[in-house]
Amino acid sequence: MSAFDPIRGFRKLAYNNALANLRLHRACAMLKSGEFEAKRVSFFPSIKATLNHILTVDWFYVDALEGGTLGLRAFDIEEPYGRLDELSREQAEVDHRLAALCEALTPEAAMQVVDIQRSGRIQRERAEDVLNHLFQHQTHHRGQVHAMLAGTSVAPPQLDEFLAADDARFRGGELAELGWDEAKLMR
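Residues numbered from 1 in each chain as written. Predicted model: local features only at pLDDT ≥ 70, side-chain atom pairs only at ≥ 80, totals over all residues. Heavy atoms only, no water.

Q: Can you break down the packing of helix α1 (residues 8-29) against helix α5 (residues 127-149) residue by residue, with the values?
A: When two helices pack together, their arrangement is given by the angle between the helix axes and the distance between those axes. Axis separation between α1 and α5 bottoms out at 11 Å; the angle between their running directions is 20°. Judged by the inter-axis angle, α1 sits roughly parallel to α5. The hand of the α1/α5 crossing is left-handed. The segment α1 lies against α5, with F10, L13, A14, N17, A20, N21, L24, A27 and C28 engaging E128, L131, N132, F135, Q138, R142, V145, H146 and L149. Looking at side-chain class alone, the contact of α1 with α5 contains 11 nonpolar, 5 polar and 2 charged residues. (Axes fitted to C-alpha atoms, helices over the stretch in contact; angles between N-to-C directions. Helix = DSSP H or I, 4+ residues; strand = E, 2+ residues; numbered from the N terminus. Parallel < 35°, antiparallel > 145°, perpendicular 65-115°, else oblique. Left-handed = near helix turned anticlockwise from the far one by under 90°. Contact = heavy atoms within 4.5 Å. Nonpolar A, V, L, I, M, F, W, Y, C, P; charged D, E, K, R; others polar.)

Q: Let's hear about α1: which residues, and what values?
A: Over its 22 residues, α1 extends 32 Å from the first C-alpha to the last, a length consistent with the 32 Å expected when each residue adds 1.5 Å. Across the 22 residues that make up α1, a large majority, 17, are buried. (Expected span 1.5 Å × (residues − 1). Buried < 20%, exposed > 50% of the residue type's maximum accessible area, 1.4 Å probe, protein only.)

Q: I'd like a rundown of the packing of aromatic side chains, residues and numbers included.
A: Any two aromatic rings considered together are summarised by their centre-to-centre distance and by the angle between their planes. Inspection of the entire model under this criterion finds 5 aromatic pairs. Centre to centre, the rings of F60 and Y61 are 4.9 Å apart; their planes meet at 80°, and the pair counts as edge-to-face. Residue Y61 is classed as buried on the basis of its relative accessible area of 7%. Pairing F60 with F75 gives two aromatic rings, centres 5.1 Å apart and planes at 45°, and the pair type is tilted. With F60 in helix α2 (residues 47-65) and F75 in the loop between α2 and α3 (84-104), this residue pair connects regions lying 15 residues apart in the sequence. Residue class for F75 comes out partly exposed when judged on its relative accessible area of 36%. Taken together, the ring pairs connect F60, Y61 and F75 into an aromatic cluster. (Phe/Tyr/Trp six-rings, centres within 6.5 Å; stacked < 30°, edge-to-face > 60°.)

Set out below in structure tokens:
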């Protein structure tokens, strides 16, 4: 067994995030006409609005973690995508950026301060805290979409497993779609 890697958990959270988003977007692709946009009871009023919110928040935080300058412009358009295929493509792109960021992360980089643009101020947080906040945010809102799916013609997908080695048999094709394999997830 190799030495303890304090960054491994962040990598696995990023991989799990991408897998959960893939599963959720696949399920949404099976919705009947009108179900994606239909008004529902949740923090955001529809599956479409919630998935767009997840995406724009991802843009905001991933850009900040990368040292970018997008800032609050990430929220200029509340729902930038009306079609699920476009939204899914953009979500997959930012998920891969987040995974790449976590793959390159070092213990030293995790302790670096990240500047986050807020209205009239700059919030300064350690990268590890920003990552934990982002993963919590994504999980929270994916759970809302999962619950909203329960009121549609499509069964909510499996989202509560966490990349345990024993669950590999459930994700083979999905990992190939993401461009990953089990060895990558388990290192």
